[in-house]
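Structural overview for review
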Amino acid sequence: MSSPNVARPLGPVLVPGGGNTDNLGATLTEDGINFAVYSETASAIWVSIFNEQDEEVERFLTDVHEDNIHAVRIAGLGAGTRYGLRADGEYNPDQGLFFDPQKLLVDPYAKRLDRVFVRSPRLRLDRSEAVDTAPLVPKAVVVSDTWKPVMPRRKGPGLFYEMNVRGYTMRHPSVQGPLRGTIAALTTQRVIDHLKYIGVDTLQLMPTAAWIDEGHLPALGLTNAWGYNPVTYSAVDPRLAPRGPHELRHMTDLYRKNGISVILDVVYNHTGEGDAQGPMLSLMGLDAKTYYRFVEVDGKQQLVNDTGTGNTLRCDHPATQRLVIDSLRYWVQEMGVSGFRFDLATVLGREPGFNPNAVMLQKIKADPILSKCILVAEPWDIGPGGYGLGQFGKEFKEHNDTYRDQVRSFWRGDPGKIGALAGKVAGSADIFNHGGRKPNHGVNMLAVHDGFTLRDLVTYSEKHNEANGEDNRDGHNHNSSWNCGVEGETDDEAINAARRNDVRALLATLFVSRGLPLVQQGDEFYRTQQGNNNAYAQDNEITWVDWENADGDLVDFVCQLHEFRKSHPAITHDQFLTGRAKQGVRDVVWLHPDGREMTEGDWHDPSGSVLGMQLRYRKDEVLVWFNRKAEPVSAQLPKGEWTVGIASDGIEDLIGESGAATLPPRSVTALIRPEVASS
């Protein structure tokens, strides 16, 4: 950090041989700034300095080279300095070499940018075109790290809430106009109060690192709304934090005080530079073969596309590993986040096939800071052998897509799903019961950003992505969705009532399941995206949460579900259910509506549609009934006094004098034994 007692020279001055290679990026020194960047193949790297009018005022050649790190120390500079990098070397795209000193490059270690990334054909021109791209490229801004380093919040997650910063706050009635769509908007008290009301203790922010639109979007008049196309990994996108990274730190500090951990959705699997015809913005121009994975085809080097975006990060290279680890530590220590959800996390373990014991994953697990974080893997990519659910070890939690698919299929009415439902609500032991893992290593979700909202799940049998400009070809085709009789929105009150009822049953299923629940933003409001199940390019009313028309009754129901779940360790106890007696008590008994235990024949009955789950942990006993039939079902209860704890359809007068309960159509009902629960 700069010292106020040291006299500065007039203007920036190179300190010959003064560059330090210990820390990559821009580091404030007593007399100026040290710049250091890694490249194995560059013959020369310069640091270009810009003034506030975006004019390049100086260019300094790095004069220290140690272990492939190019460094230079420049006196007379301080916090607020705007800069970019230029690299020279061989230009041979067929061999993965793209050097062009006319292309201004963003420092991979940049912590702040002065503007957003905007696509232009000039960013990908051949070196022979000799076009300086400096006017088109954001400049890195040197920041003064005056905040106190912190460690991740230690409390484990109980309820994840996935949020898109822009979409969540653009229409919030309590957020003032200039703040809408920003991280600062999340510090509005009513935003925090809502999250606390429904029980959120772990807020998962969709990508915040600076991103660029996909190449086809500008011609369609669309922009990337999700952020899964980053260019730099440690700079908050200026759209989300226009006044700088301190906005994120202020937000995470405030959320800590309110008992909420903030974790970031991070994309260490590719960058927005895309394929060999993409824009030259950072890593591609600095050292493509170090940072990206290539494969030789007919004597030429081609970028591997295990991510579906044109390139794949080379996470088995030490320099890339260092970039990832340094970025993660920055988000934790300086920005105050408590963990990460890793997008396409199998890329982290590719060597090139997926190895769950890969060096990159081991470094994250062993790091003294990161090992204390909440670590969540999206355990798949589209490359060969890219589905790795259950393989990330006890340090990671994993998004469980089998929970989503099987629970949806059960409620849709698919035959033979009773056993699958039981396996999922019991914690997915078939996936996680090994290597010391427990149910809470699985993150259960019904809907997330890449798919239908809960409302659309019961409103559309097919996706409707026409607004994306790809003739409805994009997005998942297998959604296990249903429309309750009419495709799309309708004025038929009976159908609308049925849809709301199904959403309540789905949410109740989620909250009585072992494993960690995740709710997508606005699903507690009954939010729609008009049938779009791939709304990545809809930074508009399609993805902006409609607070004005929120279903307040459903919000209250989610709050009730959370309170009920939190109050019953029989549901949340983090052990897999066995059905075996321990000290005379069985942790679970699976019941047929006749009152008997389920038989092998019952489990394999393709028409099975009603299931009882009797849970017991110490003095807490909960009996959950799932009824997907379109008519009421009489269920014989175990002996004793039972009372209704949760009824998804809102009807609580269910238990008759005969010891049977009338389960409403398409419902989840949770009963408790008062004398047991209170004893």
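Quick summary incoming for the structure in this document.

1. Some points on the overall build of the protein chain
- Counting its regular elements, the protein chain contains 16 helices and 30 strands.
- Against the 2.2 N^0.38 benchmark of 26 Å for 679 residues, the protein chain shows a C-alpha radius of gyration of 27 Å, consistent with a compact globule.
- The buried share among the 679 residues of the protein chain stands at 61%.
- A separation threshold of at least 6 residues defines the contact pool for the protein chain, and within that pool the share at least 24 residues apart is 72%.
- By element, 48% of the accessible surface of the protein chain is carried by carbon and sulfur atoms, the whole surface being about 25,700 Å².
- Distance between charge centroids for the protein chain: 5 Å, based on 70 positive and 90 negative side chains.

2. Details of the sheet that holds strand E4 (residues 44-50)
- In spatial order, the strands read E5-E4-E8-E11; together these 4 strands make up an open sheet with antiparallel pairing. The open sheet has two edge strands, strand E5 (56-61) and strand E11 (140-141), and neither has a second partner.
- With 7 bridges joining them, E4 and strand E8 (residues 82-88) adopt antiparallel strand pairing. Counterpart to Phe50 in the pairing with E8 is Arg82.

3. So, the packing of helix H6 (residues 318-333) against helix H7 (residues 359-366)
- Relative orientation of the contacting elements H6 and H7 amounts to 25°, with a least axis distance of 10 Å. Comparing their axes, H7 and H6 come out roughly parallel. Read as a crossing pair, H6 and H7 show a hand that is right-handed. Here Gln321, Val324, Ile325 and Leu328 of H6 lie close against H7, whose contacting residues are Val359, Met360, Lys363 and Ile364.
- Broken down by class, the residue content of the contact of H6 with H7 amounts to 6 nonpolar, 1 polar and 1 charged.

4. Considerations on the nonpolar core
- In terms of nonpolar packing, the biggest core is built from 164 residues, with Tyr255, Tyr268, Trp331, Phe340, Phe342, Ile364 and Phe626 touching the most fellow members.
- When near neighbours in sequence (up to four residues on either side) are disregarded, Tyr255 contacts Leu186, Val191, Ile192, Leu195, Leu203, Ile260 and Val262.
- Counting residues in each nonpolar core, the second largest holds 15 residues, with Trp625, Val633, Ala661 and Leu671 among its members.

5. So, the environment of Val610
- Along the chain, Val610 turns up in strand E25 (residues 610-617).
- Since its relative accessible area comes to 7%, Val610 is described here as buried.
- Separated by 199 residues in sequence, Val610 and Trp411 place their C-alpha atoms 11 Å apart.
- Among all residues touching Val610, those that are not within four sequence positions of it are Ile418, Pro593, Trp625, Phe626, Asn627, Lys629, Val633 and Leu663.

6. Digging into the pattern of salt bridges
- Counted according to the given criterion, the structure contains 41 salt bridges.
- Of the charged contacts, one joins Asp31 and Arg73 as a salt bridge, the two residues approaching to 3.2 Å between their closest N and O atoms. A residue pair is termed long-range when its members are at least 10 positions apart, and Asp31 in the loop between strand E2 (25-28) and strand E3 (32-38) and Arg73 in strand E7 (residues 69-75) qualify at 42 residues.
- We classify Arg73 as partly exposed; its relative accessible area is 22%.
- Here Arg322 ties to Asp326 by a salt bridge, and the two come within 3.5 Å at their closest N and O atoms. Taken together, the residues span about one helical turn, with Arg322 and Asp326 both in helix H6 at a distance of 4 residues.
- On the accessibility criterion, Arg322 (28% relative accessible area) is partly exposed.
- A network of salt bridges, in which partner residues are shared, links Asp54, Arg82, Asp114, Arg115 and Lys139.

7. Observations concerning the side chain of Gln204
- Mapped onto the elements of the fold, Gln204 is located in strand E13 (residues 202-205).
- What Gln204 contacts, discounting residues up to four positions off in sequence, is Phe160, Tyr161, Glu162, Met163, Ile263, Asp265, Arg341, His399 and Leu518.

8. Here we look at unusual backbone geometry
- With an omega of 5°, the peptide bond between Glu351 and Pro352 qualifies as cis.
- With respect to the helices, strands and loops of the structure, Pro352 is situated in the loop between strand E17 (339-342) and H7.
- Its identity as a non-glycine residue notwithstanding, Asp54 has a phi of 70°, on the positive side.
- Note on placement: Asp54 falls in the loop between E4 and E5.
- A positive phi angle, close to 60°, is found at Gln530, a residue other than glycine.
- Counting through the fold element by element, Gln530 comes out in the loop between strand E21 (516-520) and helix H13 (552-567).
- Accessibility expressed as a relative area gives 46% for Gln530, which makes it partly exposed.

9. Structural notes on the pairing of E21
- When you tally the buried positions in E21, you get 5 out of 5 residues, the bulk of the element.
- Residue alternation in E21 divides its side chains into two sets, Leu516, Leu518 and Gln520 and Pro517 and Val519, and both sets are buried.
- Sheet topology note: the strand E20 (residues 442-445)/E21 ladder contains 3 bridges and is parallel. Each bridged residue has a counterpart across the sheet, and for Val443 the counterpart in E21 is Leu516.

10. Observations concerning the sheet that holds strand E24 (residues 588-591)
- Spatially, the 5 strands line up as an open sheet ordered E24-E25-E26-E30-E28, and their pairing is antiparallel. At either margin of the open sheet sits one strand with a lone partner, and together these are E24 and strand E28 (643-647). Neighbour-to-neighbour, the strand axes of this sheet turn through a mean angle of 20°, independent of strand direction.
- As defined by bridge partners, E24 adjoins E25 across 4 bridges and the pair is classed as antiparallel. Pairing of Val588 across the sheet is with Leu615, part of E25.
- The sheet strands contacting helix H9 (residues 418-425) are E24, E25 and strand E26 (620-627), and the helix crosses E25 at an angle near 25°.

11. Quick notes on the packing of aromatic side chains
- Taken as a whole and judged by the stated rule, the model has 16 aromatic pairs.
- Here Tyr233 and Tyr268 contribute two aromatic rings whose centre-to-centre distance is 4.8 Å and whose plane-to-plane angle is 45°, an arrangement assigned as tilted. On the criterion of sequence distance, the pair formed by Tyr233 in the loop between helix H3 (217-220) and helix H4 (246-257) and Tyr268 in the loop between strand E14 (261-266) and helix H5 (283-291) is long-range, its members being 35 residues apart.
- Residue Tyr268 is classed as buried on the basis of its relative accessible area, which comes to 2%.
- Centroid distance Tyr330 to Trp331: 5.5 Å. Interplanar angle 55°. Geometry classified as tilted.
- Taken together through their ring pairs, the aromatic side chains of Phe340, Phe342, Phe354, Phe392 and Phe396 make up a single cluster.
- In this arrangement the basic side chain of Arg504 is found over the ring face of Phe557, its NZ or CZ atom lying 4.0 Å from the centre.

How each quantity is defined
- Residues numbered from 1 in each chain as written.
- Predicted model: local features only at pLDDT ≥ 70, side-chain atom pairs only at ≥ 80, totals over all residues.
- Heavy atoms only, no water.
- Helix = DSSP H or I, 4+ residues; strand = E, 2+ residues; numbered from the N terminus.
- Rg over C-alpha atoms; globule rule 2.2 N^0.38 Å.
- Buried < 20%, exposed > 50% of the residue type's maximum accessible area, 1.4 Å probe, protein only.
- Contact = heavy atoms within 4.5 Å.
- Areas by Shrake-Rupley, 256 points an atom, 1.4 Å probe, with all protein chains shown as cover.
- Lys, Arg positive; Asp, Glu negative; His and termini not counted.
- Charge placed at Lys NZ, Arg CZ, Asp CG, Glu CD.
- Pairing = 2+ DSSP bridges.
- Axes fitted to C-alpha atoms, helices over the stretch in contact; angles between N-to-C directions.
- Parallel < 35°, antiparallel > 145°, perpendicular 65-115°, else oblique.
- Left-handed = near helix turned anticlockwise from the far one by under 90°.
- Nonpolar A, V, L, I, M, F, W, Y, C, P; charged D, E, K, R; others polar.
- Core = buried A, V, L, I, M, F, W, Y, C linked by side-chain atoms within 4.5 Å.
- Salt bridge = Lys/Arg side-chain N within 4 Å of Asp/Glu carboxyl O.
- Phe/Tyr/Trp six-rings, centres within 6.5 Å; stacked < 30°, edge-to-face > 60°.
- Lys NZ or Arg CZ within 6 Å of the ring centre and 35° of its normal.

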